[in-house]
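Results of the structural survey
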2 protein chains.
Amino acid sequence: MTLRPAEEARASLEAAAPGTLSTAEPRHLEEPRGRWRAASGLLARPRSTAEVAALVRTCARERVGIVPLGGGTGLVGGQVAEGCLILSFERMTAIREISRTEDLLICEAGAILSDVQAAAEAEGRLFPLSLASKGSARIGGLLAANAGGVNVLRWGNMRDLAVGVEAVLPDGTVLGGPGRLRKDNAGYDIRHLLIGAEGTLGIVTAASLRLVPPPASVATAWIAVPSPEAALKLLGIARDRAGEGVSAFELISGVGLGFLAEHLPDLRQPLAPAPDWSVLIELGLPSAAEDALAGIYEAAAEAGLAGEAVLAASEAQRAALWDVRESIPLGNRAVGALASHDISVPLGMVPEMIAEGVRRLEGRGVRLNAFGHLGDGNLHYNLFPARGRARGDYDAEALTGIVHGLVRELGGSIAAEHGVGRLKAAELAATGDPGKLAAMRAVKAALDPAGIMNPGAVLPRRAEPPGRGRPA
Amino acid sequence: MTLRPAEEARASLEAAAPGTLSTAEPRHLEEPRGRWRAASGLLARPRSTAEVAALVRTCARERVGIVPLGGGTGLVGGQVAEGCLILSFERMTAIREISRTEDLLICEAGAILSDVQAAAEAEGRLFPLSLASKGSARIGGLLAANAGGVNVLRWGNMRDLAVGVEAVLPDGTVLGGPGRLRKDNAGYDIRHLLIGAEGTLGIVTAASLRLVPPPASVATAWIAVPSPEAALKLLGIARDRAGEGVSAFELISGVGLGFLAEHLPDLRQPLAPAPDWSVLIELGLPSAAEDALAGIYEAAAEAGLAGEAVLAASEAQRAALWDVRESIPLGNRAVGALASHDISVPLGMVPEMIAEGVRRLEGRGVRLNAFGHLGDGNLHYNLFPARGRARGDYDAEALTGIVHGLVRELGGSIAAEHGVGRLKAAELAATGDPGKLAAMRAVKAALDPAGIMNPGAVLPRRAEPPGRGRPA
């Protein structure tokens, strides 16, 4: 079914939710990597779930596509489409409730991650999901993308932290409360269908989020390791000794540290010279985390798995180590990636993913910066031109073909934590599990028969049947 | 659409998967509470996912209903239906792989929970889901029901422990591998749609399960508390001091302990006389769990939240405490419940659920045994006749109406961890969130248009359109 441009339905949308419409500004029309940009757009900024529902109902009736917009930090183009109503949550930022008894925070979809974290902290609790864009990413977008970040190893993805969601379905029906139950087996888990669906099956308007008691004792270290394989073994030692107290375990490539040294020379790096490989490890325990971390380091060093290390001796040093980790994307941006890949493989395959990838890319004249959430088997596997060579010298698509081909051979995912969006929709359709794709298409057609919800994201737009024009 | 009796398709089923069919034995036709019993049935015991797929494909073509059967321990009648093909997983029990590096165990759907636990233990790891029927419950059934149990507080439901599933969809398509990725955002989470759907959207044939490092130090105590409210406050103290190290927190009613004293007099109870309310708490920490538990107890006692207590001093004592907890259902069965309810409410509402329930049931001459997973807001809220009165004297439906009515007022669930099955399908359809029900029906119709998958479970069978007979 062909969709109509949102502008054509402006009058009915204004009648449905008066005072919510305006013309989109440039910030509503683009995304961080600059690959997608809409020329113009009609913006809706609803103030309540009821207004969201009224707008969605109208779009369903008028056959207008909807792109939900959170903080706009997504990296796969899920937030940009031409001709759709851009439904921004910037006015729905309330934190409705925090319960320490229930370890629960209920907020609207537009709440910014760092505000949620701060609200939890004020109650002596931790909202454990964290990522570099926390100052602008909004809860609704994080849920739509099932965001990950640096603490997934311990506390899970956004999906695992959402006790319940309130959402508007493609026909305008409001779903849920959001619920606050830890156990509820009354029917299908529609919540998990909406989370990670990138706004293509409905729009999350509020959520109940799980809080956790903050570990009383935290220790953080930056440790040089001889190889990714050694890093994986070090993780095993850490898990054996500290159990689930290992809350982050990030692999850092010397290539990325080199980019930082070149482009952010004022950023103080923990080890000099920058090791080819290092890990950033954090423990959170009820007590004596530093002792536990020292013990892990000694055992690893004895086994030849660890070289030089810096153990943070203060909260400021801890923050400084994380600052280096979180600056890596800035270094990447300064150099300019040829092709970025957000991949996961079974944990045990991570060393092979790096070693075999390097072999297959040999002779292509690229630099690989593979870094990220080793504990989750999730790497950002980004390729850069050799020094002195220009991006135009390379066939980026062929490079992605090599990387994604290897990922598939190893049983991995080409969309680990950033989602599919528009960037990977065609590739997913071409190479995904056919059974899963068929189920996805059936679910999409059942819940959104007119295809108004974030059209073209996750699943490519269906081809129009020939001879069918736009309805008058 | 009308379904045909499985027996009519026997020849095609035999051709599709030779050597898998037989006549069902009584154990395949009944369920533990004796409310549902099929008169007869055609049994299939496939040996592989390919055979499951062949059988399902044939059932789809022949319009034969399928009831998947695990250990048969379900409590809501999800495993019993007349005229369907009973698809038992008793021949698909292989544990395909255990990876300590990946903290992962891959097994077929017929693997028995206690075998999975033992296999994990042999590798120095813990599969943390546990419940009283672990010696017969099978992984496929546990996934279908999204089973809970005593460690959900810390490690989550079955859903949270399933990294990936392999499944056969209603048209016979095989989905997945099962995957072993901790992070995978490549499309909709069909896994979570199948888990908890009680076999109505597809049949799980294998799963990758998350293992955890076993806590090095475990401490368990049985503590008398003055009230459910005090128990909740005690939980708060425990979480403040031991963080997520609180791995179980069970509320025990003196009524249930009285049943045990009467009907299992040889079972040694931890405290005498049995307190009106007590909790069974377990901590699992990297070290010094007993000290931590002693500290929690002292703080609680000082605040008037704890009375007498027994701290397990050995593994045998720990097992003995758990044995008392897990015997409570035996005591209940010996007395004979009028009405059992598997409910959850927001954690903070648990004391009100008990106090207000007692008020509303006053004058009905019933005894309430409310016990279970306080840490999850999940209670088994079971009603028994007063001493000397017969079950026939009571209107069980009216009693359930009172209990479930209160649950709904408090924003709770009438199907917390046992599922909906056939027992609660009509009530869910009548009282559930209309938006969620509409989405459920749309998903069911999309994935299982002929309605062959566990017909009548979760969603009631659709009424036949008038004038439409069985296809010739």
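Values in this document were obtained by computation on a predicted structure and should not be read as measured data.

**Observations concerning helix H13 (residues 396-409) of chain A**
All names here are of chain A. For H13, with 14 residues, the first-to-last C-alpha span of 20 Å sits near the 20 Å given by 1.5 Å per residue. For H13, every residue scored as buried is listed here: Leu399, Thr400, Ile402, Val403, His404, Gly405, Leu406 and Val407. Check the buried side of H13 and you find it contacts strand E14 (342-344), helix H12 (350-361), strand E15 (366-373), strand E16 (378-385) and helix H14 (425-431). Of the residues that open H13, the one with a side-chain oxygen 3.2 Å from the backbone nitrogen of Glu397 is Asp395. At the exit of H13 stands Gly411, carrying a positive phi of roughly 75°.

**Observations regarding the interface of chain B and chain A**
At the interface, 80 residues of chain B touch 80 residues of chain A. Regarding the contact of chain B and chain A, the summed buried area is about 6,000 Å², with carbon and sulfur atoms giving 57% of it. Three residues stand out in chain B for area buried against chain A, namely Lys183, Asn185 and Tyr188 of chain B, and they jointly supply 18% of the buried area on that side. Applying the counting criterion to the chain B and chain A interface returns 14 salt bridges. For the salt bridge of Arg125 of chain B with Asp240 of chain A, the shortest nitrogen-to-oxygen distance reads 3.0 Å. At the surface where chain B touches chain A, the tally comes to 44 residue pairs in polar contact (both at pLDDT 80 or more).

**Looking at a positive patch on the surface**
A cluster of basic residues, Arg33, Arg35, Arg333 and Arg391 of chain A, forms a positive patch on the protein surface. Tracing the sequence through the fold places Arg333 of chain A in helix H11 (residues 315-335).

**A few points about the sheet that holds strand E3 (residues 66-69) of chain B**
Either a parallel or an antiparallel arrangement is found when strands of a sheet pair, and the pairing is made through backbone hydrogen bonds. Residue and element names in this part refer to chain B. Strands sit in the order E1-E2-E4-E3 across an open sheet of four strands; the sheet is mixed. Two strands close off the open sheet at either side, each with one partner strand: strand E1 (21-23) and E3. Averaged over all adjacent pairs, the angle separating strand axes in this sheet is 30°, with direction ignored. Where E3 meets strand E4 (residues 85-88), four bridges bridge the pair, whose relative direction is parallel.

**Details of the pattern of salt bridges**
Considering all chains together, one arrives at 62 salt bridges over all chains under this definition. In this structure, Glu97 of chain A and Arg180 of chain A form a salt bridge, with 2.8 Å as the shortest nitrogen-oxygen distance. With a gap of 83 residues between them, Glu97 of chain A in strand E5 (residues 95-99) and Arg180 of chain A in the loop between strand E8 (174-175) and helix H7 (190-194) connect regions that are remote in the sequence. Residues Glu356 of chain B and Arg359 of chain B are paired through a salt bridge, measuring 2.9 Å at the closest nitrogen-oxygen approach. Linking Glu356 of chain B with Arg359 of chain B, this pair stays in helix H12 (residues 350-361), spanning three residues, or about one helical turn. By relative accessible area, Glu356 of chain B is classed as buried at 17%. Sharing partners across several salt bridges, the network here consists of Arg100, Asp103 and Arg125 of chain A together with Arg239 and Asp240 of chain B.

**Overview of the relation of the copies chain B and chain A**
Between chain B and chain A, the superposition needs a rotation of 180° and an axial shift of 0.0 Å, giving an RMSD of 0.0 Å. In short, the pair behaves as if placed about a two-fold rotation axis. Counting the interface residues of chain B, we find that 100% of their copies in chain A are interface residues as well, pointing to one common contact surface.

**Thoughts on the packing of helix H9 (residues 254-263) of chain A against H11 of chain A**
Residue and element names in this part refer to chain A. Packing of H9 against H11 leaves a shortest axis separation of 8 Å and a crossing angle of 75°. Classified by the angle between their axes, H9 and H11 sit roughly perpendicular to one another. Residues Leu257, Phe259, Leu260 and His263 of H9 form the contact with H11, whose participating residues are Val324, Ser327, Ile328, Gly331, Asn332, Ala334 and Val335. Residues of the contact of H9 with H11, tallied by class, amount to seven nonpolar, four polar and no charged.

**Comments concerning the sheet that holds strand E1 (residues 21-23) of chain A**
Residue and element names in this part refer to chain A. The four strands are arranged E1-E2-E4-E3 in an open sheet whose pairing can be described as mixed. Taken across any chain shown, the strands that pair with only one partner, and hence form the sheet edges, are E1 and strand E3 (66-69). Ignoring which end each strand starts from, the neighbouring axes of this sheet average 30° apart. Inspection of the sheet shows strand E2 (residues 42-44) paired to strand E4 (residues 85-88) by three bridges, in the parallel sense. Within E4, the residue paired with Leu42 across the bridge is Leu85. Against the sheet, helix H2 (residues 49-62) makes contact with E2, E3 and E4, and its axis sits at roughly 165° relative to E4, the strand it touches most.

**Remarks on the domain arrangement of chain A**
Residue and element names in this part refer to chain A. Annotation of chain A at the domain level lists domain 1 (6-88), domain 2 (95-210) and domain 3 (217-409). In this structure, domain 1 and domain 2 have C-alpha centres spaced 21 Å apart. Contacts between the two partners involve 13 residues from domain 1 and, on the opposite side, 16 residues from domain 2. Each partner contributes to the roughly 1,100 Å² buried at the junction of domain 1 and domain 2, and carbon and sulfur atoms together form 68% of this total. Summed over the shared surface of domain 1 and domain 2, the number is zero salt bridges. Taken together, the links from domain 1 to domain 2 amount to one residue pair in polar contact (both at pLDDT 80 or more). Taken together, the elements giving at least two residues each to the side of domain 1 that touches domain 2 come down to H2 and E3. Looking at the side of domain 1 that touches domain 2, the element that brings in the most residues is H2, giving six residues. Residues of the side of domain 1 that touches domain 2, tallied by class, amount to eight nonpolar, four polar and one charged.

**Here we look at the environment of Thr58 of chain A**
All names here are of chain A. The topology assignment puts Thr58 in helix H2. Between the alpha carbons of Thr58 and Gly172 there is a distance of 8.1 Å; along the sequence they are 114 residues apart. In this structure, Thr58 is in contact with Ser12, Leu13 and Ala16, ignoring residues within four places of it in sequence.

Conventions we followed
- By convention here, each chain's residues receive numbers from 1 onward along its written sequence.
- The lettering of chains begins at A and the numbering of ligands begins at 1, in the order of writing.
- Local features in a predicted model are, by the rule used here, given only for residues with pLDDT of at least 70; side-chain atom pairs are given and counted only at 80 or more, and totals for whole chains, interfaces and linings are based on all residues.
- Working from all heavy atoms in the structure, the side-chain values ignore hydrogens and water.
- Runs of H or I in DSSP of at least four residues are treated as helices and runs of E of at least two as strands, each being numbered from the N terminus.
- What a helix is expected to span follows from its residue count: subtract one and scale by 1.5 Å.
- Burial classes: relative accessible area under 20% of the type maximum marks a residue as buried, over 50% as exposed, and values in between as partly exposed (1.4 Å probe, protein chains only).
- Should any heavy atoms of two residues lie within 4.5 Å, those residues are considered in contact.
- Identification of polar contacts relies on pairs of N or O atoms within 3.5 Å, with a donor-acceptor requirement for protein atoms, meaning one able to donate a hydrogen and the other able to accept it, and with residues adjacent in sequence counted only if both atoms are side-chain atoms.
- Buried area is a sum: the accessible area each of two parts loses on coming together, probed at 1.4 Å, counted once for each and added.
- One side-chain nitrogen of Lys or Arg within 4 Å of one carboxyl oxygen of Asp or Glu is enough to make a salt bridge.
- Note on patches: the residues involved have over 30% relative accessible area and no salt bridge, like charges join within 9 Å, and the nonpolar side chains Val, Leu, Ile, Met, Phe, Trp and Tyr join within 5 Å.
- Accessible surface area values rest on a Shrake-Rupley calculation with a 1.4 Å probe, where residue burial reflects the displayed protein chains alone.
- Here Asp and Glu are counted as negative and Lys and Arg as positive; His is not counted, and neither are the chain ends.
- By convention, charge coordinates are those of NZ in Lys, CZ in Arg, CG in Asp, or CD in Glu.
- DSSP calls a pair of strands paired once it identifies at least 2 bridges connecting them.
- In this description, a line fitted to the C-alpha atoms serves as the axis of each element, helices being fitted only across the stretch in contact, and the angle between N-to-C directions of two axes falls anywhere from 0 to 180 degrees.
- All copies are superposed by least squares; the fitting set is the C-alpha atoms of residues with a pLDDT of at least 70 in both.
- When describing relative orientation, an angle under 35 degrees is termed roughly parallel and one over 145 degrees roughly antiparallel, while 65 to 115 degrees is termed roughly perpendicular and anything else oblique.
- By the convention adopted, Pro, Cys, Tyr, Trp, Phe, Met, Ile, Leu, Val and Ala count as nonpolar, Lys, Arg, Asp and Glu as charged, and the other residues, Gly among them, as polar.
- What counts as a domain boundary in this text is fixed by an automatic or database domain assignment.

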